[in-house]
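Remarks on the overall topology
The primary structure of each chain is shown beneath.
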Amino acid sequence: MSRDEVLDVLEKPHGDLVDRDKIIQDYRDRMNKAIEWKAKARADEDHEGIIRAEQAEVTFFECGLMMMKAPVIVEANDRDKEEEE
């Protein structure tokens, strides 16, 4: 996409722009904390805690997947090349 095409897209109403990669990383971090929580709950034999931690883990995983598939306004440079490597 050329500079002029990017500027043309950005001049149209589009809402807020966010850093999708940072959001995905945040979901990964939260999922990892849920995994730690689940391990602690297992060690403590806290059955309710295990269930809640597993649900949190799955929720953050699903949110991360949704963000990966979210439509974008402007594609990041070379994103496709990075995924292929």
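All of the points below concern the structure found in this document. Note that the coordinates shown come from a computational prediction; the quantities given were computed from them, not determined experimentally.

A word on the overall build of the protein chain. The secondary structure content of the protein chain amounts to four helices and zero strands. Beginning at the N terminus, the succession of helices and strands in the protein chain can be written as α-α-α-α. For the protein chain, the residues scored as buried account for 18% of the 85 residues in total. Pairs at least 24 apart in sequence give 59% of the contacts found in the protein chain among residues at least 6 apart. Accessible surface, the protein chain: about 7200 Å² in total, of which carbon and sulfur atoms supply 51%.

The next point concerns unusual backbone geometry. One non-glycine residue, Glu45, lies in the positive phi region at around 55°. By the secondary structure assignment, Glu45 is in the loop between helix 2 (20-43) and helix 3 (47-68).

To continue, consider the environment of Lys38. Counting through the fold element by element, Lys38 comes out in helix 2. Once you skip the residues sitting within four places of it in the chain, Lys38 turns out to touch Ile50, Ala53, Glu54 and Glu57.

Helix length check: helix 3, at 22 residues, gives a terminal C-alpha distance of 32 Å against a target of 32 Å (1.5 Å per residue), a fit within 8%. At its buried positions, helix 3 is contacted by helix 2.

This part is about the pattern of salt bridges. Taken as a whole and judged by the stated rule, the model has five salt bridges. Measuring nitrogen to oxygen at the nearest pair gives 2.8 Å for the salt bridge that ties Lys40 to Asp44. On the basis of relative accessibility, which here comes to 54%, the residue Lys40 falls in the exposed class. For Asp44, a relative accessible area of 48% translates into the label partly exposed. Residue Arg42 is joined to Glu54 by a salt bridge in which the shortest nitrogen-to-oxygen separation is 3.4 Å.

Reading the values: the criteria
- Residues numbered from 1 in each chain as written.
- Predicted model: local features only at pLDDT ≥ 70, side-chain atom pairs only at ≥ 80, totals over all residues.
- Heavy atoms only, no water.
- Helix = DSSP H or I, 4+ residues; strand = E, 2+ residues; numbered from the N terminus.
- Buried < 20%, exposed > 50% of the residue type's maximum accessible area, 1.4 Å probe, protein only.
- Contact = heavy atoms within 4.5 Å.
- Areas by Shrake-Rupley, 256 points an atom, 1.4 Å probe, with all protein chains shown as cover.
- Expected span 1.5 Å × (residues − 1).
- Salt bridge = Lys/Arg side-chain N within 4 Å of Asp/Glu carboxyl O.

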